[in-house]
Amino acid sequence: LLLEASFRQAIEEEQLVLHFQPQIDLFTGHVRGVEALVRWEHPEKGMISPGDFIPLAEETGLIVPMGEWVLRQACRHAVRWRDLGFAPIRMTVNISARQFLKERLIETVLGILAETGLEPDDLELEITESMIMHDIERATGIMNRIAETGIHLAIDDFGTGYSSLAHLKRFPLTTLKIDRAFVKDIGSNLEDEAIIKAIIALAHSLDLQVVAEGIETMEQYGFLKENGCEQGQGFLFSRPVPADRISPLLRPRP
Ligand code: G
Ligand code: G
Ligand code: MN
Ligand code: NA
């Protein structure tokens, strides 16, 4: 209860901060986008990671105002980088289950795009397989409405849930993100390597982009590139960093 009150205060008093992790084109080395990742700068406890407060935020419903704050900040940063003359990159934002199922999600997102001036094409929302599979009909309806606006959809942690291939084909997705649990075992586990190859082939056959998560070593990078994975993120390239450390990585608009 104490934590709930202080988290509510955190949202109001702007103790939350966004860090950004670059998503790299594995063939050109260019930054294709960034994933926004929230942190809580607690006045006494220091930096608290989302793993420690997102579950609470979900339970209490505070995830909804928090998620709205995250979206607005993320879009503002993307517009700032664009206005500074950098080539456009895609801003990727994690959406929680509760946010996804909320009636007003689309109105909220469209409102934030209008308010900040970000193009729908420059925004990607990350959802998980479990959020979809919980109620496929409803989730498909929501995804279709999001996709119709031109906003992109990515499936986060792909491979850990169990969306059937038949469903996957019907979802209006842009991107599959290979979960880092598979990437971690490149070089030591042939089954995980086979799963990665299968996900890449699946993504390509459905005309989806594929982003590998959690790339930490040159060996993992090499394997992914050799197998045609065109994008990746991970500590090898950059940890999630504050906004002012992203702009030096961006290219000028051609
Ligand atoms: O950045 P880090 O590895 O600590 O993130 C831990 C978890 O918190 C990840 O699963 C990530 O998807 C989630 N997360 C980070 N930022 C956000 C956010 O803004 N909204 C939601 N819903 N989840 C987030
Ligand atoms: O669930 P989601 O994929 O949104 O989680 C993103 C989380 O993964 C972030 O908390 C981020 O800090 C973490 N992360 C990003 N790159 C790496 C990496 O190379 N290794 C590890 N261990 N974690 C990573
Ligand atoms: Mn994510
Ligand atoms: Na993930």
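Description of the structure in this document. (Residues numbered from 1 in each chain as written. Chains lettered and ligands numbered in written order. Predicted model: local features only at pLDDT ≥ 70, side-chain atom pairs only at ≥ 80, totals over all residues.)

**Observations regarding the overall build of the protein chain**
Right, on to step 1. When helices and strands are counted, the protein chain shows 11 helices and 10 strands.
Right, on to step 2. The principal-axis extents of the C-alpha atoms in the protein chain amount to approximately 45 × 45 × 35 Å.
Right, on to step 3. Relative to its 254 residues, the protein chain shows a buried fraction of 37%.
Right, on to step 4. For the protein chain, contacts bridging at least 24 residues in sequence account for 67% of all contacts bridging at least 6. (Helix = DSSP H or I, 4+ residues; strand = E, 2+ residues; numbered from the N terminus. Buried ≥ 20, exposed ≤ 12 C-beta atoms within 10 Å, placed from the backbone. Contact = placed C-beta atoms within 7 Å.)

**Considering the site of ligand 2**
Right, on to step 1. Surrounding ligand 2, one finds 14 residues, the nearest of these being Gly214, Glu216, Gly234, Phe235 and Pro240.
Right, on to step 2. Class assignment for the residues of the shell around ligand 2 results in 4 nonpolar, 5 polar and 5 charged. (Near = placed C-beta within 6 Å. Nonpolar A, V, L, I, M, F, W, Y, C, P; charged D, E, K, R; others polar.)

**Description of the site of ligand 1**
Right, on to step 1. Ligand 1 sits among Leu37, Val38, Ser49, Pro50, Gly51, Ile54, Gly67, Val70, Asn94, Ser96 and Pro240.
Right, on to step 2. Within the residue set of the shell around ligand 1, elements represented by two or more residues are strand S2 (31-42) and helix H3 (63-83).
Right, on to step 3. Taken together, the residues of the shell around ligand 1 sort by class into 6 nonpolar, 5 polar and no charged.

**Comments concerning helix H5 (residues 105-116)**
Along an α-helix, a turn takes 3.6 residues, which lines up residues three or four apart on a common side.
Right, on to step 1. Compared with an ideal rise of 1.5 Å per residue, which puts 12 residues at 16 Å, H5 spans 16 Å between its outermost C-alpha atoms and is within 8% of the ideal.
Right, on to step 2. By the burial criterion, the buried members of H5 are Leu105, Val109 and Leu113. Down the axis of H5, the buried side of the element spans an arc of 65°, and every buried residue falls inside it. For H5, the exposed residues lying more than 90 degrees away from the buried face are Glu107, Ala114 and Glu115.
Right, on to step 3. In the core, the buried residues of H5 are packed alongside H3, helix H4 (97-101) and strand S5 (123-128).
Right, on to step 4. Positive backbone phi, at 85°, marks glycine 117, one or two positions downstream of H5. (Expected span 1.5 Å × (residues − 1). Arc of directions from axis to C-beta.)

**Let's talk about the environment of isoleucine 196**
Right, on to step 1. Examined against the element boundaries, isoleucine 196 turns out to sit in helix H10 (residues 190-205).
Right, on to step 2. The exposure class assigned to isoleucine 196 is buried, which follows from the 24 C-beta atoms found within 10 Å.
Right, on to step 3. It is 39 Å that separates the C-alpha atoms of isoleucine 196 and glutamate 14, two residues lying 182 residues apart in sequence.
Right, on to step 4. Not counting chain neighbours up to four residues away, the residues in contact with isoleucine 196 comprise Ile178, Phe182 and Asn227.

**Points about the pairing of strand S1 (residues 16-25)**
Consecutive residues of a regular strand have side chains that alternate between opposite faces of the sheet.
Right, on to step 1. When S1 meets S2, the two strands line up antiparallel, connected through 9 bridges. The residue bridging isoleucine 24 from the neighbouring strand is valine 31, located in S2.
Right, on to step 2. For S1 and strand S10 (residues 241-242), the ladder comprises 2 bridges, and the chain directions are antiparallel. The residue bridging phenylalanine 20 from the neighbouring strand is valine 241, located in S10.
Right, on to step 3. In this structure, S1 lies alongside strand S9 (residues 231-232), joined through 2 bridges in antiparallel fashion. Bridging across to S9, aspartate 25 finds its partner in glutamine 231. (Pairing = 2+ DSSP bridges.)

**So, the nonpolar core**
Right, on to step 1. Ranked by internal contacts, the top residues of the largest apolar core, which has 63 residues, are Ile178 and Val210.
Right, on to step 2. Here this core gets 8 residues from one element, more than from any other, and that element is H3.
Right, on to step 3. Not counting chain neighbours up to four residues away, the residues in contact with isoleucine 178 comprise Phe158, Gly159, Val183, Ile196, Ile199, Val210, Ala212 and Glu213. (Core = buried A, V, L, I, M, F, W, Y, C linked by C-beta atoms within 7 Å.)

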